[in-house]
Structures are given as structure tokens and as C-alpha cells.
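Listed here are the chains, written in short residue letters.
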Amino acid sequence: MDRPARDEYEPLAGVDNYAGHEGDVLEASLVLDRHDVPFSRIEYGIFAFLGLSMLWAWNMFLAAAPYFASRFAADAWVSSNFQSAILTLSTLPNLTTILILAHSQHTASYPFRISLALITNSVLFALLTCSTQLFLDASPRAYLAFLLTIVACSAWATGLIQNGAFAFAGSFRRPEYMQALMAGQGVAGVVPAIAQVVAVVLFPPNSDSAVSSASPAARGGQTSAFLYFLAAVVVSVVALLAILPLFRRHRRIVEGRMAECMTESLTSVDDAERAARKVTSLRHLFRKLHWLALGVALTFATTMFFPVFTAKIRSVQEDKGLLFRPEVFVPLGFFFWNLGDLAGRMATILPISLSHRPRLLFLLSVLRVVQLPLYLLCNVGGRGAVVPSDFFYLFVVQLTFGLTNGWLGSSFMIASGDWVDEGEREATGGFMGLFLVVGLTTGSLLSFTLSSL
């Protein structure tokens with residue numbers, strides 16, 4: 001790929017960049033300069049919780065793999081392919097939604113998109129919670145159809161909140177808030193895995209008494225799954241309540257700008273926001289951000305192989321207690337990966353940064369692919385491990401693979417704001433979110449190649 005012209009691909013900062021752009025004087029006066037909005041720990045925390053709710057659904061579906069496997073145990077084909085099917089239905093509707101939303105920047109109401117997504121997820125998770133108590137005698141394929149419908153609808157909601165949250169965070173012109181979203185997403189991976197482990201330990205499969213028509217594994221997991229999915233409802237509702245003060249805060253900021261720059265054409269907050277919003281084509285953003293966009297896509301495409309491996313890898317000492325049984329060991333594997341992912345995301349707070357070296361970041365995302373073969377050294381499918389060590393699997397493979405994902409993914413997202421004009425930062429948040437989902441979708445489709453492992 002040829003190196004772009006210097007003025008197309010170098011860090012930009014401040015409203016001085018509007019000089020020389022005809023018609024942008026009003027935009028420059030309305031745009032919220034990052035120094036006009038003081039940093040707030042409370043707002044940082046709200047954005048972090050919003051990031052947690054953004055990816056809670058996706059991580060919940062992954063960490064609940066043992067429960068789903070128990071519901072599909074009677075059908076060999078479903079048992080082998082349900083994980084890849086969940087990954088695909090988690091990403092294709094998500095990608096479609098973000099593509100559509102990316103072309104409606106000017107009239108976008110990002111608070112509305114975020115709110116609608118959280119309400120939708122609350123309803124979907126409530127239905128999933130009820131499914132652990134009702135229709136337990138449904139066939140594996142019938143339950144798979146229900147589950148994939150929930151997954152697809154949740155993916156649509158995730159597309160709304162991803163587009164809305166990244167753009168909304170970008171509108172505050174504080175890179176710390178973008179980092180807060182990424183950190184919250186990391187927490188969203190750790191907490192569901194912990195919740196699943198604790199739920200199974202407190203309600204082990206052989207201790208539950210349920211409807212006799214359900215399979216033993218499904219009966220054993222229904223109480224823990226009920227509590228686990230109910231927690232997802234609580235997270236979505238709390239996130240919706242927590243984000244409301246931030247909406248009001250943003251509205252007051254825009255109202256203050258509107259008072260300073262009132263004209264006949266600016267008679268509402270919505271008008272002020274649209275005047276400040278610089279509608280930017282995806283092609284224009286790609287010219288500026290191609291290394292970062294391609295890098296974040298490759299990073300998450302590579303990452304999408306780990307859920308399939310994690311669901312299939314067994315402990316090398318499975319007969320030594322509940323902790324090593326698949327019901328606990330699988331979510332434990334997700335926990336260690338997400339713990340590394342969270343550590344990587346938080347590491348971007350450190351003053352060491354490669355945001356000024358987008359090519360180097362892209363190269364690191366290419367080199368990360370070599371971590372995937374390490375999974376083949378573990379106990380895939382219980383057939384034996386080349387390196388017979390749970391420590392090797394959890395700490396060397398899972399933890400480090402998550403660490404590289406968290407650091408690289410966050411670095412790409414945070415760096416993107418330094419390479420565009422002030423008025424393009426909202427659109428940049430949505431654009432980078434689009435390529436993140438492109439990577440997730442590509443990786444989920446490729447993950448079907450592992451279904452026979």
C-alpha cells in the first residue's frame with residue numbers, strides 16, 4: 001500500500017485545522033474542543049459501564065457455552081456447529097446495522113440509538129432468562145432457532161450501541177472517554193465469565209432438581225443459567241439509567257455553544273449538533289485511517305478463532321474435581337483470555353503509545369496471527385495435549401492472546417482521533433467501529449473451519 005500524502009495522514013489537533021476549509025468557520029465555533037470539556041471521573045466511569053453493557057451480550061453467549069451444549073447434547077450436528085453459528089449471527093446483523101448507520105451521520109441521534117439498544121437488550125435477555133425455566137423439553141434444533149433469533153436481535157442492538165457510543169464519546173473530544181469504552185468492554189469479558197464460574201460452583205449440575213423431561217445436563221444448569229442471564233437484564237437496565245445524566249450533560253454543553261453562536265438557523269439543540277457535525281464519507285476517512293482501520297479489522301478477525309478453541313479445549317486433569325470439569329473450565333478459559341484483554345486495554349493509559357506509528361501498529365496485528373497455532377498444543381476436544389499443562393493453556397495461551405487483543409484493539413481506536421479534523425471525530429468513532437465489526441464478522445465466518453476439531 002502506497003504511503004499517503006503527508007497532509008492526508010499526519011496527526012491533527014485543535015480547531016486550527018479548520019483554517020482554509022470554506023464554510024467551516026461556524027462548525028469550528030460549535031465543535032466542542034477537548035480542552036473546553038474538563039475530564040470527569042464520574043463521566044469516565046459512566047462511559048466504562050456503557051462499554052461493559054455494549055459487549056456483555058456477546059461475552060455472555062460465549063461464556064454460557066457449557067449450558068448451551070447441554071441443551072444441544074442430543075444432536076451431534078448442532079453440538080458441533082452451534083458456537084460458530086452464534087459467532088456468525090452475532091456479527092452479520094451487527095455489521096449490516098453499522099453499515100446502514102454509517103451512512104446516516106447528519107441526522108443521527110446517538111443518545112436515541114444508545115437508549116433503544118439498551119431497552120432492546122433488556123427485553124431479549126429477559127426472554128433468554130425465561131427460556132431456562134420454560135419449554136425445557138424443546139428439541140435441540142428448536143432451541144437453536146430460538147437462541148439464534150435472540151442472538152441476531154441482540155447483534156442488531158449491539159450495532160446501534162456501538163455506533164452510538166463511539167460517536168457519542170468522540171463528541172466530548174476527550175480521548176480518555178474512548179479509552180473508557182474500550183476498558184469497559186474488557187470488563188464485559190471478565191465479569192460474565194466469573195459469574196458463570198460462580199453460578200456453576202454454587203449450583204453444580206448434579207445438585208439441581210428440575211423438570212424431569214429435560215436432559216440431566218440441562219436440568220443441572222438451569223438455575224445457574226437463570227441467574228446468569230438475569231444478571232444481563234440488570235446490566236442493561238442499570239446502564240440505561242446511568243447514561244441519562246451524561247445525555248443531559250452533553251445537552252447542556254451544546255446549549256452553551258448554541259447561546260454563544262445563535263443564528264436564525266440554529267433554533268434547537270439538534271440544529272446546533274448538526275451544524276457542528278461534519279459529515280464525512282467513508283472513503284475520505286479510509287484515506288486518512290487505512291492502516292488503523294485495517295489493523296483493527298485484522299486484530300479482531302484473528303481474535304474470533306479463540307471462542308471456538310476455548311469451547312473445545314478440556315483440562316488435562318478433568319477427573320480431579322468440579323473446577324476442572326467443562327462446566328467450569330470452559331468459562332475459566334474465557335476468564336483468563338478476558339483478563340488479559342482487560343489488562344491490555346488498561347495498559348493504553350500508560351504514557352507509552354504508538355499512536356504516531358500506525359504502520360507499526362498494523363504490522364504488530366499481522367504478527368499476532370502466529371499466536372493461533374499455540375491452541376493446537378492444548379487438549380482440544382479432550383484428545384490429549386502436546387503440552388499437557390493447564391497452566392500453559394490458561395496463562396501462556398489465553399492470557400497473552402487476550403493481552404495482545406486488548407492493547408492493539410484499544411490502541412487502534414484511541415489513535416484514530418489524532419489523524420482527523422475536529423469535526424470528523426464523531427464520524428471517525430463510527431468508522432472505526434465499522435471496521436472492528438468487519439473483523440469480527442470475517443473471523444466468525446472463518447471460525448467454521450474449526451468446527452471439525
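The structure displayed is predicted, hence computed values, not measured ones. (Residues numbered from 1 in each chain as written. Predicted model: local features only at pLDDT ≥ 70, side-chain atom pairs only at ≥ 80, totals over all residues. Heavy atoms only, no water.)

Student: What am I meant to see in the packing of aromatic side chains here?
Tutor: Scanning the entire structure with this criterion turns up 22 aromatic pairs. Summarising the aromatic geometry, the rings of F168 and F247 are spaced 5.5 Å apart at their centres and angled 80° between planes, so their arrangement reads as edge-to-face. On the criterion of sequence distance, the pair formed by F168 in helix 6 (residues 140-171) and F247 in helix 8 (residues 216-260) is long-range, its members being 79 residues apart. One exposure class covers both F168 and F247, and it is buried. In this structure, R71 is placed above the aromatic ring of Y143, and the distance from its NZ or CZ to the ring centre is 3.9 Å. The ring of F401 has R368 sitting right over it, with the charged end atom 4.2 Å from the ring centre. (Phe/Tyr/Trp six-rings, centres within 6.5 Å; stacked < 30°, edge-to-face > 60°. Helix = DSSP H or I, 4+ residues; strand = E, 2+ residues; numbered from the N terminus. Buried < 20%, exposed > 50% of the residue type's maximum accessible area, 1.4 Å probe, protein only. Lys NZ or Arg CZ within 6 Å of the ring centre and 35° of its normal.)

Student: What am I meant to see in the confidence of the model for the protein here?
Tutor: Close reading of the predicted structure is inappropriate where its pLDDT is low. Summarising the model, the protein shows a mean pLDDT of 80, and 81% of its residues fall at 70 or more. The weakest mean pLDDT in the protein belongs to helix 1 (residues 25-30) at 33; the strongest belongs to helix 13 (residues 358-367) at 96. Contacts for the low-pLDDT stretch residues 1-9, under 50 throughout, to residues beyond four places or in other chains number 20 contacts. Here residues 207-220 is a poorly scored stretch, pLDDT under 50, and it has 20 contacts once near neighbours within four places are set aside; other chains count. (pLDDT = per-residue confidence, 0-100. Contact = heavy atoms within 4.5 Å.)

Student: Would you mind going over helix 4 (residues 76-102) with me for this structure?
Tutor: Residues separated by three or four positions in an α-helix point in the same direction, a consequence of the helix having 3.6 residues per turn. Between its first and last C-alpha, helix 4 extends 40 Å over 27 residues, near the 39 Å set by a 1.5 Å rise per residue. Where helix 4 bends most, at F82, the angle is about 50°. (Expected span 1.5 Å × (residues − 1). Bend = angle between axes of the 7 residues up to and from the residue.)

Student: I would appreciate a short explanation of unusual backbone geometry in the present structure.
Tutor: Trans peptide bonds make up the majority, and among non-glycine residues the majority have a negative phi. Unusually for a residue other than glycine, F135 sits at a positive phi of about 55°. Within the secondary structure, F135 is located in the loop between helix 5 (110-131) and helix 6. According to the relative accessible area criterion, F135 is exposed, its value standing at 67%.

Student: Would you mind showing me how to read the side chain of S154 here?
Tutor: One can find S154 in helix 6. Residues within four places of S154 in sequence aside, it is in contact with A57, F61, N121, L124 and F125.

Student: Quick question: what am I supposed to make of the environment of A231 here?
Tutor: Mapped onto the elements, A231 comes out in helix 8. In this structure the C-alpha to C-alpha distance between A231 and A126, which are 105 residues apart in sequence, comes to 9.7 Å.

Student: Would you explain a nonpolar patch on the surface in this entry?
Tutor: Taken together, the side chains of L227, L230, V234 and V238 define a hydrophobic patch exposed on the protein surface, amounting to about 290 Å² of accessible area. By the secondary structure assignment, L227 is in helix 8. On the accessibility criterion, L227 (38% relative accessible area) is partly exposed. (Patch = residues over 30% accessible without salt bridge, like charges linked within 9 Å, V, L, I, M, F, W, Y side chains within 5 Å. Areas by Shrake-Rupley, 256 points an atom, 1.4 Å probe, with all protein chains shown as cover. Salt bridge = Lys/Arg side-chain N within 4 Å of Asp/Glu carboxyl O.)

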